[in-house]
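# Reading the structure
Listed below are the residues making up each chain.
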Amino acid sequence: MRLRLIVVGLVTLLATSGLKAADQPRLFEAQLDNGLQIVVKQDQRAPVVVHQMWYRVGANYEPQGLTGVSHMLEHMMFKGTETMEPGAFSRRVSQMGGRENAFTSSNFTAYFQIVGKQHLAEVMQMESDRMANLKLTEAQFQPERDVVIQERLWAVEDRPSSKLFEQFKATAYLSSPERNPVIGWMADIKNYQLADLQDWYDRWYAPNNATLVVVGDVDPHEVVELAKQTYGQYPARDIIQPRLQPEIKQQGMRRIELKDATPVPSIILGFHVPSLVSADSADEVYALSVLASVLDGDSGRLTQEMVREQQIASSIGTFYRANGRLGSQFFFSAQPQAGVDIEQLEAELIKQIERIKTEPMSQQALNRVLAQAEAQYVYNQDSVQAQAMSIGMMVSVGLPADTMETWVDNLRQVTPAQLQAVAKKYLHTDNMTVGILRPSGETNRRPTAKPDFGGRSH
């Protein structure tokens, strides 16, 4: 799954879900003797269940020279085990009438199936099998690496905005592995060896480095018993965490410019900010989340002023991920109106950021954000997949499984003064990275075709 889609999904869930409802099903948590963490949420509105297996490994666990190896291994997890032929897993889920897929992010790698509840035991058996018995062969590896190479061409190399974001991160982070692209640098992908994948699988795919999340029409105690019979048969292993590589303190503006085949320029501004994992005070995270929502969207302050009134930008938005394992960035992105140069847009955007520090947001704007969050939470409760995603994303970075249960309640405590305080503390030029995409003049490049992902959507 492409990085951009993952990031958007994270923000959507974190920015909009978490209202605590009186009739909300309780989370059931357990842990097997081999260390496997289990979280179950009962939702009996339909006879379906989502089964997800989350591994605590992703792009920001990877060393230089092996960027993207977590994503490459995700592809290989569909290539068979000692007892299942390549593709047999996917075919069996399809025969059940279910859906399945996987995704990799900076913080985790996850696999899921959505099936009728009568099939839960079988998908647990199959998923546990590939946790321990993956069969990696050169015959499967070589063509799949070509698929990933094509995926990178399709998703990044031929998409200037994606390429800018990738290079922006590598500029904003100098010493932290947060700079690693999820799909990996092209040279690293081409240099993977089969032994790299085997080592990565052996190092991270173990029950004591994983969380099982099940949401749907299930009995939590029965889920635990099934987990004992399947995942419980595999022993815990020593998990050696990578050495800490904290980002060095930023002491001045960083900039990067990219020229590529784009018809219009664009700009990204980013500021180092804390996440729920890294923050000394969670209140700052809630304030940053509200601030991003107040500024973003069609009814947000930036669109109203810079798109509609001043007609400087054709589009503008903000973006903040609250659950980054290694901290986070607060992003602004924009494209200029025709006839407006990118420097003028940058200057006006910085002026708007300074206004945040001196002019308090209205209570009306905060109320709008809270109303949107509550509405989205209700929407998310209609999806067993969305509920499971919320849980998995939290526990996989070390946060409590019920983090989202109080999310909106915490947003309600944010005041206009707190928005100004976080803006003053973090949104200043010495903490800012600027990325600019300019047209190269190239207009007739033929884009790479979308790869064949073997029936899976990316």
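Structure: above.
Let me sum up the structure you'll find in this document.

Cut-offs used in this document
Residues numbered from 1 in each chain as written. Predicted model: local features only at pLDDT ≥ 70, side-chain atom pairs only at ≥ 80, totals over all residues. Heavy atoms only, no water. 1 Å grid on protein atoms, 1.4 Å probe; cavity = no way out; pocket = protein on both sides within 12 Å on 5 of 7 lines; lining within 4 Å. Points joined across faces, edges and corners; volume = space filled by probe spheres on them. Helix = DSSP H or I, 4+ residues; strand = E, 2+ residues; numbered from the N terminus. Nonpolar A, V, L, I, M, F, W, Y, C, P; charged D, E, K, R; others polar. Salt bridge = Lys/Arg side-chain N within 4 Å of Asp/Glu carboxyl O. Pairing = 2+ DSSP bridges. Axes fitted to C-alpha atoms, helices over the stretch in contact; angles between N-to-C directions.

## A closer look at the layout of surface pockets
Here the second largest pocket is characterised by a volume of approximately 690 Å³. Lining the second largest pocket are 30 residues, with Pro246, Glu247, His272, Leu326 and Gly327 sitting closest to its centre. If you list the elements that add at least two residues to the lining of the second largest pocket, you get β8 (266-273) and α16 (416-426). Grouping the constituent residues of the lining of the second largest pocket by class yields 12 nonpolar, 11 polar and seven charged.

## Some remarks on unusual backbone geometry
The backbone phi angle of Gln311 is positive, close to 55°, even though this residue is not glycine. Relative to the assigned elements, Gln311 resides in the loop between α11 (301-309) and β9 (313-320).

## Topic: the pattern of salt bridges
For the coordinates displayed, the defined rule picks out 22 salt bridges. Between Asp43 and Arg45 there is a salt bridge, with the nearest N and O atoms lying 2.7 Å from each other. In this structure, Lys79 and Glu144 form a salt bridge, with 3.1 Å as the shortest nitrogen-oxygen distance. Pair noted here: Lys79 is in the loop between α2 (69-76) and α3 (88-95) and Glu144 is in helix α5 (residues 138-157), with a separation of 65 residues, a long-range link. Through salt bridges with shared partners, one network takes in Asp43, Arg45 and Asp382.

## Quick look at the sheet that holds strand β4 (residues 99-104)
Taken in spatial order, the six strands make up an open sheet running β1-β2-β6-β3-β5-β4, and their pairing is mixed. The strands lining the two open edges of the sheet, one partner per strand, are β1 (27-31) and β4. Between one strand and the next, the sheet's axes are offset by a mean angle of 15°, whatever the strand orientation.

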